[in-house]
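Chains, contacts and geometry: an overview
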Amino acid sequence: MAIWNLLWLYILILYVNNGRMEASHKVYPQFQSLSAVNIRQLHHTAFHFQPPKNWINDPNGPMYYNGIYHIFYQYNPKGAVWGNIVWGHSISKDLINWKELEPAICPSKHFDIDGAWSGSTTILPSNKPIILYTGVDSNGIQTQNYAVPANLSDPYLRKWIKPGNNPLIDPENGVNATAFRDPSTAWWLNGRWRVLVGSERNSRGIAYLYRSRDFIHWTKAKHPFHSAPNTGMWECPDFYPVSLSSKEGLDPSYMGKHVKHVLKVSLDDARYDYYTLGTYLTNDDKYVPDNASVDGWAGLRYDYGNFYASKTFFDPAKRRRILWGWVNESDFTQDDVKKGWAGIQAIPRIVWLDTNQRQLKQWPVEELNTLRGEIVKMSHQKLKKGHHIEIQGITAAQADIDVTFYIPSLDKTEEFNPSWEDAQRLCANKGSKVEGGVGPFGLLTLASKNLEEYTAVFFRVFKTSKKHVVLLCSDARSSSLEDGIYKPSFAGFVDVDLADKKLSLRSLIDHSVVESFGGGGKTCITSRVYPTLAVLDNAHLYAFNNGDETIIVKNLNAWSMNKAKMN
Ligand code: DQQ
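Residue positions are given per chain, counted from 1 along the sequence in the order it is written. Per-residue local features are limited, in this predicted model, to residues with pLDDT of at least 70; the limit for side-chain atom pairs, both in listing and counting, is 80 or more; totals at the level of whole chains, interfaces and linings are taken over all residues. To obtain the side-chain values, all non-hydrogen atoms of the structure were included, while hydrogens and water were left out.

A closer look at the sheet that holds strand 24 (residues 341–342)
Two orientations exist for strands paired in a sheet by backbone hydrogen bonds: parallel and antiparallel. The test is simple: The rule for pairing is simple: two strands pair if DSSP sees at least two bridges between them. For helices the rule is a DSSP run of H or I covering at least 4 residues; for strands it is a run of E covering at least 2, with both sets numbered from the N terminus onward.
Strands sit in the order 6-5-4-3-24 across an open sheet of 5 strands; the sheet is mixed. Since the sheet does not close on itself, it has two edges, and those belong to strand 6 (99–105) and strand 24, each with one partner. Alignment of strand 5 (residues 86–92) against strand 6, held across 4 bridges, turns out to be antiparallel. Pairing of histidine 89 across the sheet is with leucine 101, part of strand 6.

Printed below as a string of structure tokens:
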């Protein structure tokens, strides 16, 4: 007993001293400004966004301006853990190859001296971009501030200035001053700008609404735009219209008919991004989720894996809405310090409304295809129970795989127990090796030759009296021989009817990340993994089936991916 007590005390001390929580991020003062000498390449990604070194978290203010894509990001210029937060800034012509610029916003004023936290950009009608961001002062008080380009004729908008009339929005009128952050992109309606700011009160997550005629003087609306009990702090709210009839993206101020609206919030307590689909009641200036679209923990997620603090923007060049999300690490903080970097951004994804109008779909931007190299194809290949087939001839640690499976017979589908609502727990119970009726079948990514290590991305099909239930897992439990690191069996359900007996899966494999899109982008899961054997040329890729019913690999295309020019 005494030993257990000591152990708990030790864990507590470690937590309090080493992983002190500040806002939503753990703080490691001893590592914050420890500059990396060598950048460890082993698990470094080849085509996911990251700066040359150090820590990044949330994507901030993504935008397209005069032919150039900009991404800003929460960045520690001095170390590989969270701290010293500035707005890093990179630019691109294709969303895939990036050039790093100097940070756009650094703490310099009393209102942001303790951090230039997350925010968004809005392109004003005069074609002028403006940043709204959260500044944190030395007492932890959060205010909303703005920054504008110093020189609009600089095509890269390298320098940004903070005009003297900051802060624009203070936490007044009963707002919790240390939980008041992450202004959204603004939209224009009936002669006024509107912006959302995330907050919390007594465990109720809140998106406050502020209005302004001139973008400078803001007034808080009487009622929050939306809120929900027991959901905790709402970080990084994002609000935008989606078309009911096409994949095209819409400008945030588009208020025509034939749209639904999306409200996404990042739940600090869960560290996942949840969204609802609903209606924007413009007369009341309120958002109401559809009945079928629930707020909070039981709701829909953009991604059922490592994906947080995301942000979308409208790309007028290709008329699409693009989603950026932060993919955090799953390894030890000490490992991050050793490798000299932490955090990547997910591949930018287009996002649109599914024809069933119950959910969104996502797909990597088409520009990613420019990195595709050697291709290997497979078609009409039988996968009998217990079989796995190697997909040879590509760089399996740096690859893009797009596969359609065909299920000739659903006769042996297992019954679904209604108590299995929690997809992640179900996946933990019925992993890739637990034989089923239909499935588990899918891919073994980042696999070592003798399968000591692999990250299994797979489907398993169940049935109720009314329909089929499809589970997609990205199971990292066997991903690494290294003990102790976080290796979750992430999972989500895929809302498909299986009338055509097909299931598609695309996986982007990039050394320490496997980013998967099931059912044509209906369910996405991103896993961070740190193999010890399945690295570089020693990584393999297999298709497998451990279910009773034979599965056909109807079509499989696998590409070796080239390296992106990354900052
Ligand atoms: N990260 C920022 C905050 C935001 C949080 C600080 C979400 O503005 O709420 O780095 O990850």
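Let us keep going from here.
Here we look at the state of the cysteines
Test applied: Note on disulfides: each one is a pair of cysteine sulfur atoms within 2.5 Å. Each residue is assigned to one of three classes by its accessible area relative to the maximum for its type, calculated with a 1.4 Å probe on protein chains only: buried under 20%, partly exposed between the two thresholds, exposed over 50%.
Tallying each qualifying case throughout the model produces 1 disulfide. Disulfide pairing places cysteine 427 opposite cysteine 473 at an S-S distance of 2.4 Å. Here cysteine 427, found in helix 3 (residues 423–429), pairs with cysteine 473, found in strand 34 (residues 468–475); they are 46 residues apart in sequence, far enough to count as distant. Judged by its relative accessible area of 0%, cysteine 427 falls in the buried class. Left without a disulfide partner, cysteine 106 is nearest to the cysteine sulfur of cysteine 236, which lies 19 Å away. Between cysteine 524, a cysteine without a disulfide, and cysteine 473, which holds the nearest cysteine sulfur, the sulfur-to-sulfur distance is 15 Å.

Focus on the site of the ligand
For clarity, the cut-off: Definition of nearness: a residue and a molecule or strand are near each other if at least one heavy atom of the residue lies within 4 Å of the molecule or strand. Polarity classes work like this: nonpolar for Ala, Val, Leu, Ile, Met, Phe, Trp, Tyr, Cys and Pro, charged for Asp, Glu, Lys and Arg, and polar for all others, with Gly in that last group.
Near the ligand there are 13 residues, and of these His25, Asp58, Gln74, Arg181 and Asp182 occur at the shortest range. Tallied by class, residues from the shell around the ligand come to 4 nonpolar, 5 polar and 4 charged.

A look at the environment of glycine 436
For the record, the criterion: Contacts were defined at the residue level, with two residues in contact if any of their heavy atoms lie within 4.5 Å.
Examined against the element boundaries, glycine 436 turns out to sit in the loop between helix 3 and strand 32 (438–447). Taking relative accessible area as the criterion, glycine 436 reaches 7% and is therefore assigned buried. Taking the C-alpha atoms as reference points, glycine 436 and lysine 361, separated by 75 residues in sequence, lie 28 Å from one another. Apart from the residues within four sequence positions on either side, glycine 436 is in contact with Glu414, Arg460, Asn546, Gly547 and Asp548.

Things to note about the pairing of strand 18 (residues 259–267)
Across the 9 residues of strand 18, 9 count as buried, placing the element largely inside the fold. Taking every second residue as pointing to the same face, both faces of strand 18 are buried, with Val259, His261, Leu263, Val265 and Leu267 on one and Lys260, Val262, Lys264 and Ser266 on the other. Two elements, strand 17 (residues 234–243) and strand 18, share 8 bridges in a ladder whose sense is antiparallel. Following the sheet pairing, phenylalanine 239 is matched in strand 18 by leucine 263. Bridge analysis of strand 18 against strand 19 (residues 272–281) gives 7 bridges, and the strand direction is antiparallel. Paired with valine 262 across the two strands is leucine 277, which belongs to strand 19. Turn length for the strand 18-strand 19 hairpin, with the two strands adjacent in sequence and antiparallel, is 4 residues, and the turn residue arginine 271 shows positive phi of about 60°.

Some details on unusual backbone geometry
Glycine aside, a negative phi is what most residues show, and trans is what most peptide bonds show. Of the consecutive residues asparagine 166 and proline 167, the connecting peptide bond is found in the cis state with omega at -15°. Looking at the element boundaries, proline 167 is found in the loop between strand 10 (160–161) and strand 11 (180–181). With an omega of 5°, the peptide bond running from glycine 439 to proline 440 counts as cis. When you line up the elements, proline 440 lands in strand 32. Even without being a glycine, serine 203 presents a positive backbone phi close to 70°. With respect to the secondary-structure elements, serine 203 resides in the loop between strand 13 (192–201) and strand 14 (204–212). The phi dihedral of glutamine 357 falls on the positive side, at around 60°, and the residue is not glycine.

A word on the nonpolar core
The following threshold applies: Here, the term nonpolar core denotes a set of buried Ala, Val, Leu, Ile, Met, Phe, Trp, Tyr and Cys residues that are joined through side-chain atoms within 4.5 Å. Residue ranges for the domains trace back to a domain assignment, done automatically or taken from a database.
Ranked by internal contacts, the top residues of the largest apolar core, which has 60 residues, are Ile401, Phe405, Ile407 and Phe459. Both domains that meet at this core, namely domain 1 (2–364) and domain 2 (372–561), each give it at least three residues. One finds Ala46, Tyr73, Ile96 and Ile347 within the second-largest nonpolar core, a separate group that totals 26 residues.

Observations concerning the domain arrangement of the protein chain
Often, the extent of an interface is quoted as the loss of accessible area upon association of its parts. Convention followed: By salt bridge we mean one thing: a side-chain nitrogen of Lys or Arg within 4 Å of a carboxyl oxygen of Asp or Glu. We define a polar contact as two N or O atoms separated by no more than 3.5 Å, with the added condition that, inside protein, one atom must be a possible hydrogen donor and the other a possible acceptor, whereas residues neighbouring each other in sequence contribute only through side-chain atom pairs.
If you check the domain split of the protein chain, you get domain 1 (2–364) and domain 2 (372–561). At the interface, 36 residues of domain 1 touch 36 residues of domain 2. Linking domain 1 with domain 2 are 4 salt bridges. Arginine 528 serves as the salt-bridge partner of glutamate 329, at 2.8 Å between the closest nitrogen and oxygen. Linking domain 1 with domain 2 are 20 residue pairs in polar contact (both at pLDDT 80 or more), by the criterion used here. If you list the elements that add at least two residues to the side of domain 1 that touches domain 2, you get helix 2 (333–339), strand 26 (349–353) and strand 27 (360–364).

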